[in-house]
Amino acid sequence: VSLAQARAKAYEANSQRANGLDPKEVREHQEELARIARLHTFELLARAWHTSAKKDREWSEDYAQKVIRHLEIHIFPWVGHKPIEVILPTEIVRCLHRPKDRGNLETAQRVREAVQHVYQYAVDVGALEPSKNFVNKNTGGLPPPRSRHFAAITEPAQLGQLLRDIRSYHGHFITRCALRLAPMMFQRPGQIRLADWEDINFEVELWRCPPEKMKMREWQKRDSRTPAHIVPLPRQALEVLRELYPLTGPTGPVFRSMSRRSEKSRYISDNTINAALRTMGYDTKEEITGHGFRATARTMIREHLGWEPDVIERHLAHTSDE
């Protein structure tokens, strides 16, 4: 700064001290006000909250993208440009009712949850008076979302027919192998499709599923103390894997995508098994879905084989809070 500016700043600081103020505290307060002023619209506050939450809560990239997309589609076009303190409750309610009226109740619930977090963030950073935070779990009067169950076959005769249909499936060999293994091991479809040959141990007949490929919170996946999920491999599953080994082994994805357009497409897609079921004539919404093999196993092993529920849940990798 110039000498004149330095003298002016020194004079200002001396005046503040004379009035019982700490110049450092005054400067920090002014900087805080300037920072809040920059977050002057709902969208800017929402994006600041999203960046903070993604880091603090260790969201996965996919989940973080879903959260911000909900806001970009359902909130920003209508109130994103407005200062948060002037947004009316009716405006937020109309935004929530748009997806609800289209039948997307779960989406409306998720959007409301995100908006609720944005408003609380605005209060926390001083951009909104606490008394003006009107968003809560009852905003919009949304009914609770209907519980969803994956379509599953629970009758032995129907399951037998499905298994015969899988054996007769004439699609891609890798897809056919994934279909044959799904009802044998009843693990999550994403877990099956992301299996690597390094996780398969033919000698001890075990499949070791590392935490990063399991359904759990991001911090649990990164925690070195989180154990891998161990899946015993029956004789029939080992036979399928040995048939597949010459094609996709000895390393990398067990169910390798033949396109390999990018690193993410090294594995078959998450829709491959369901698409194959539909090709065989099954309704994946009403009859059977890839994830439904788990419900099939849980029901039939308990009701027809008499195994203890704790053993079944353990094999399904269900924790006590699921």
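Overview of the structure. (Residues numbered from 1 in each chain as written. Predicted model: local features only at pLDDT ≥ 70, side-chain atom pairs only at ≥ 80, totals over all residues. Heavy atoms only, no water.)

## As for the overall build of the protein chain
What the protein chain contains, in helices and strands, is 15 helices and 3 strands. The dimensions of the protein chain, computed from C-alpha atoms along their principal axes, are 90 × 45 × 40 Å. Across the 322 residues that make up the protein chain, the buried fraction comes to 39%. Just so you have it, the protein chain exposes about 19,600 Å², and 51% of that area is on carbon and sulfur atoms. Positive and negative side-chain charges of the protein chain, numbering 50 and 42 respectively, have mean locations separated by a distance of 3 Å. (Helix = DSSP H or I, 4+ residues; strand = E, 2+ residues; numbered from the N terminus. Buried < 20%, exposed > 50% of the residue type's maximum accessible area, 1.4 Å probe, protein only. Areas by Shrake-Rupley, 256 points an atom, 1.4 Å probe, with all protein chains shown as cover. Lys, Arg positive; Asp, Glu negative; His and termini not counted. Charge placed at Lys NZ, Arg CZ, Asp CG, Glu CD.)

## Brief notes about the packing of aromatic side chains
Under the defined criterion, the tally for this structure stands at 8 aromatic pairs. Their ring planes at 50° and their centres at 6.1 Å tell us that F42 and Y119 sit as a pair that is tilted. Pair noted here: F42 is in helix α3 (residues 42-56) and Y119 is in helix α7 (residues 105-124), with a separation of 77 residues, a long-range link. On the basis of relative accessible area, Y119 is assigned to the buried category, the value being 0%. Taken together through their ring pairs, the aromatic side chains of F42, F76, Y119 and F134 make up a single cluster. The ring of W78 has R98 lying over it, and the distance from NZ or CZ to the ring centre is 4.1 Å. (Phe/Tyr/Trp six-rings, centres within 6.5 Å; stacked < 30°, edge-to-face > 60°. Lys NZ or Arg CZ within 6 Å of the ring centre and 35° of its normal.)

## A look at the pattern of salt bridges
Applying the stated criterion across every chain, the model contains 13 salt bridges. With a shortest N-O distance of 3.1 Å, R298 and E313 are connected by a salt bridge. Of this pair, R298 sits in helix α14 (residues 292-305) while E313 sits in helix α15 (residues 309-315), and the two are 15 residues apart along the sequence. (Salt bridge = Lys/Arg side-chain N within 4 Å of Asp/Glu carboxyl O.)

## Details of the pairing of strand β3 (residues 229-232)
By the alternation rule, side chains of β3 split into H229 and V231, which are all buried, and I230 and P232, of which none is buried. Pairing of strand β2 (residues 206-209) with β3 involves 4 bridges; the strand directions are antiparallel. Residue pairing for β3: L206 is matched across the bridge by P232. (Pairing = 2+ DSSP bridges.)

## Section: the environment of E287
The topology assignment puts E287 in the loop between α13 (272-279) and α14. Accessibility expressed as a relative area gives 36% for E287, which makes it partly exposed. For E287 and E308, which are 21 residues apart along the polypeptide, the C-alpha to C-alpha distance reads 26 Å.

## A word on empty space enclosed by the protein
Counted under the stated rule, the structure contains 1 cavity of 30 Å³ or more. Estimates place the volume of the largest cavity at around 50 Å³. Along its surface, the largest cavity is lined by L181, M185, I192, A195, I200, W207, L233, L241, V254 and F255. Classifying every residue of the lining of the largest cavity by side-chain character gives 10 nonpolar, no polar and no charged. (1 Å grid on protein atoms, 1.4 Å probe; cavity = no way out; pocket = protein on both sides within 12 Å on 5 of 7 lines; lining within 4 Å. Points joined across faces, edges and corners; volume = space filled by probe spheres on them. Nonpolar A, V, L, I, M, F, W, Y, C, P; charged D, E, K, R; others polar.)

## Side note on the pairing of β2
Where burial is concerned, the two faces of β2 differ: the one with W207 and C209 is buried and the one with L206 and R208 is not. In terms of strand pairing, strand β1 (residues 200-201) meets β2 through 2 bridges, oriented antiparallel. Residue N201 lies in a different strand from β2, and its bridge partner there is L206. Hairpin connection between β1 and β2: a loop of 4 residues separates the two successive antiparallel strands, and E205 in this loop has a positive phi of roughly 60°.

## Thoughts on helix α12 (residues 235-248)
Taking 1.5 Å per residue as the helical rise, α12 with its 14 residues ought to reach 20 Å, and the 20 Å between its terminal C-alpha atoms agrees with that figure. Listing the buried residues of α12 in full gives A237, L238, V240, L241, L244 and T248. Elements in contact with the buried residues of α12: α9 (173-185) and β1. (Expected span 1.5 Å × (residues − 1). Contact = heavy atoms within 4.5 Å.)

## Remarks on the layout of surface pockets
Roughly 450 Å³ of internal volume is contained in the second largest pocket. Lining the second largest pocket we find 17 residues, and of these L159, L163, R180, P183 and M184 sit closest to its centre. Among the secondary structure elements, those contributing two or more residues to the lining of the second largest pocket are α8 (156-167), α9 and α14. Of the residues forming the lining of the second largest pocket, the biggest block, 7 residues, is contributed by α14. In terms of residue class, the lining of the second largest pocket is made up of 12 nonpolar, 3 polar and 2 charged.

## What about the nonpolar core?
Grouped together as the largest cluster of nonpolar side chains are 38 residues, with contacts concentrated most on L162, L179, W207, V254, F255 and L277. Broken down by element, this core gets its largest block of residues, 7 residues, from α9. Not counting the four nearest positions on each side in its chain, L179 is found in contact with I166, Y169, I273, A276, L277 and M280. (Core = buried A, V, L, I, M, F, W, Y, C linked by side-chain atoms within 4.5 Å.)

That's the geometry; what it means functionally is another story.
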